[in-house]
Amino acid sequence: QNEVELEDAELLIQSGTKILVEAANMPTTAEATHKLEEAGVVIGPAKAANAGGVAVSGLEMAQNSARLAWSAEEVDERLQKIMVGIFKSCKDGAERVGSA
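To start, this report covers the structure provided alongside it. Quick caveat, the model's predicted, so the values are computed rather than measured.

Focus on the packing of helix H1 (residues 6–14) against helix H2 (residues 30–38)
Argument step 1. Between H1 and H2, the least distance of the axes is 8 Å, while the angle of their chain directions is 20 degrees. The orientation of H1 with respect to H2, classified from their angle, is roughly parallel. H2 is crossed by H1, and the crossing has right-handed handedness. Touching Leu-6, Ala-9, Glu-10, Leu-12 and Ile-13 of H1 are Glu-31, Ala-32, Lys-35 and Leu-36, all from H2.
Argument step 2. Class assignment of the residues belonging to the contact of H1 with H2 gives a composition of 6 nonpolar, no polar and 3 charged.

Some words on the nonpolar core
Argument step 1. With 6 residues, the main nonpolar core is built from Val-4, Ala-9, Leu-20, Ala-32, Leu-36 and Val-41.
Argument step 2. The residues contacting Ala-32, other than those within four sequence positions of it, are Val-4, Glu-5, Leu-6 and Ala-9.
Argument step 3. Listed in part, the 5 residues of the second largest apolar core include Ala-55, Leu-59, Val-75 and Leu-79.

A closer look at the pattern of salt bridges
Argument step 1. Counted according to the given criterion, the structure contains 3 salt bridges.
Argument step 2. With a shortest N-O distance of 2.8 Å, Lys-91 and Glu-95 are connected by a salt bridge. Of the two residues, Lys-91 and Glu-95 are both situated in helix H5 (residues 72–96); the distance of 4 residues between them amounts to about one turn of the helix.
Argument step 3. A relative accessible area of 39% places Lys-91 in the partly exposed class.
Argument step 4. Using a relative accessible area of 43% as the deciding quantity, one classes Glu-95 as partly exposed.

Calculation notes
- Numbers given for residues are sequential positions, taken from 1 along each chain in its written order.
- Since the coordinates come from a predicted model, pLDDT governs what is reported: local features require at least 70, and pairs of side-chain atoms require 80 or more to be given and counted, while whole-chain, interface and lining totals use all residues.
- Side-chain calculation: all heavy atoms of the structure are included, whereas hydrogens and water are not.
- Interaxial angles span 0 to 180 degrees and are taken between N-to-C directions of axes, which are lines fitted to C-alpha atoms, for helices over the stretch in contact.
- Numbered from the N terminus, helices here are DSSP runs of H or I no shorter than four residues, and strands are runs of E no shorter than two.
- Small angles under 35 degrees read as roughly parallel and large ones over 145 as roughly antiparallel, with 65 to 115 read as roughly perpendicular and the rest as oblique.
- Each helix crossing is assigned a hand: it is left-handed if the near helix lies turned anticlockwise from the far helix by less than a right angle, otherwise right-handed if that turn is clockwise.
- Throughout, a residue-residue contact means that at least one pair of heavy atoms, one from each residue, lies within 4.5 Å.
- As a working rule, the residues Ala, Val, Leu, Ile, Met, Phe, Trp, Tyr, Cys and Pro are called nonpolar, Asp, Glu, Lys and Arg charged, and the rest polar, with Gly in that last group.
- Working definition of a nonpolar core: buried Ala, Val, Leu, Ile, Met, Phe, Trp, Tyr and Cys residues. They are joined through side-chain atoms within 4.5 Å.
- Burial status follows relative accessibility: with a 1.4 Å probe on protein chains alone, a residue under 20% of its type maximum counts as buried, one over 50% as exposed, and anything between as partly exposed.
- We define a salt bridge as a side-chain nitrogen of Lys or Arg found within 4 Å of a carboxyl oxygen belonging to Asp or Glu.

Remember that the coordinates give geometry; whether it matters functionally is a separate question.
Printed below as a string of structure tokens:
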């Protein structure tokens, strides 16, 4: 957590960064996030960047707790539905704040 601090954000902006995709749990401090947003840097939050991995992990836990064995096709079908829902939520949120 908090690996990208304000000073790091300023360096990223100075180097011309346009997109920052987070890959850790809450890696960017609030101050750095605000600075990056003010500079127009698009931030792909870790939750979105790793949504598929988290979703499949959740599906595995559901299978295990119910003592089920889904086929790869069934897992993929469930994952596709989850990912479409995540995309729609992100798109709707972006439209609400005028970032779409």
